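Descriptive analysis of the structure
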Amino acid sequence: MPTWLAAVVAGAAITAVYLFCMRPMRRGNCAMTGGSRQDPELARQIADLREELRVLRAEDALESGQVRTDRPGPGKDV
């Protein structure tokens, strides 16, 4: 590979990293940071989807027999 082509590829990679990674992080728009601003509506939708996923997993575990449904009540020995 010619040296000038390697320099162009390296320059393009550095430019892409700056434009798509470094510049958004400097502006505070990075979703990877813990202190990023989040829309309350989006947070509510995410919470609803997580709850729905939890319910579906619990139903699947019950149907597949992975969870005992005949649990003894309080005071009963196993």
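Read on for a plain summary of the structure.

A short note on the overall build of the protein
Scanning the protein from terminus to terminus reveals 2 helices and 0 strands. When the 78 residues of the protein are sorted by exposure, 3% land in the buried category. Accessible surface for the protein amounts to roughly 7300 Å². Of this, 60% is attributable to carbon and sulfur atoms.

A few points about helix α1 (residues 3-26)
End to end, α1 covers 32 Å across 24 residues, agreeing with the expected 34 Å (1.5 Å per residue, within 8%). Of all the bends found along α1, the most pronounced is centred on tyrosine 18 and spans about 40°.

Focus on helix α2 (residues 40-64)
Taking 1.5 Å of rise per residue, the 25 residues of α2 would be expected to cover 36 Å, and the 36 Å separating its terminal C-alpha atoms lies within 8% of that figure. At the exit of α2 stands glycine 65, carrying a positive phi of roughly 80°.

Criteria and cut-off values
- Residues numbered from 1 in each chain as written.
- Predicted model: local features only at pLDDT ≥ 70, side-chain atom pairs only at ≥ 80, totals over all residues.
- Heavy atoms only, no water.
- Helix = DSSP H or I, 4+ residues; strand = E, 2+ residues; numbered from the N terminus.
- Buried < 20%, exposed > 50% of the residue type's maximum accessible area, 1.4 Å probe, protein only.
- Areas by Shrake-Rupley, 256 points an atom, 1.4 Å probe, with all protein chains shown as cover.
- Expected span 1.5 Å × (residues − 1).
- Bend = angle between axes of the 7 residues up to and from the residue.

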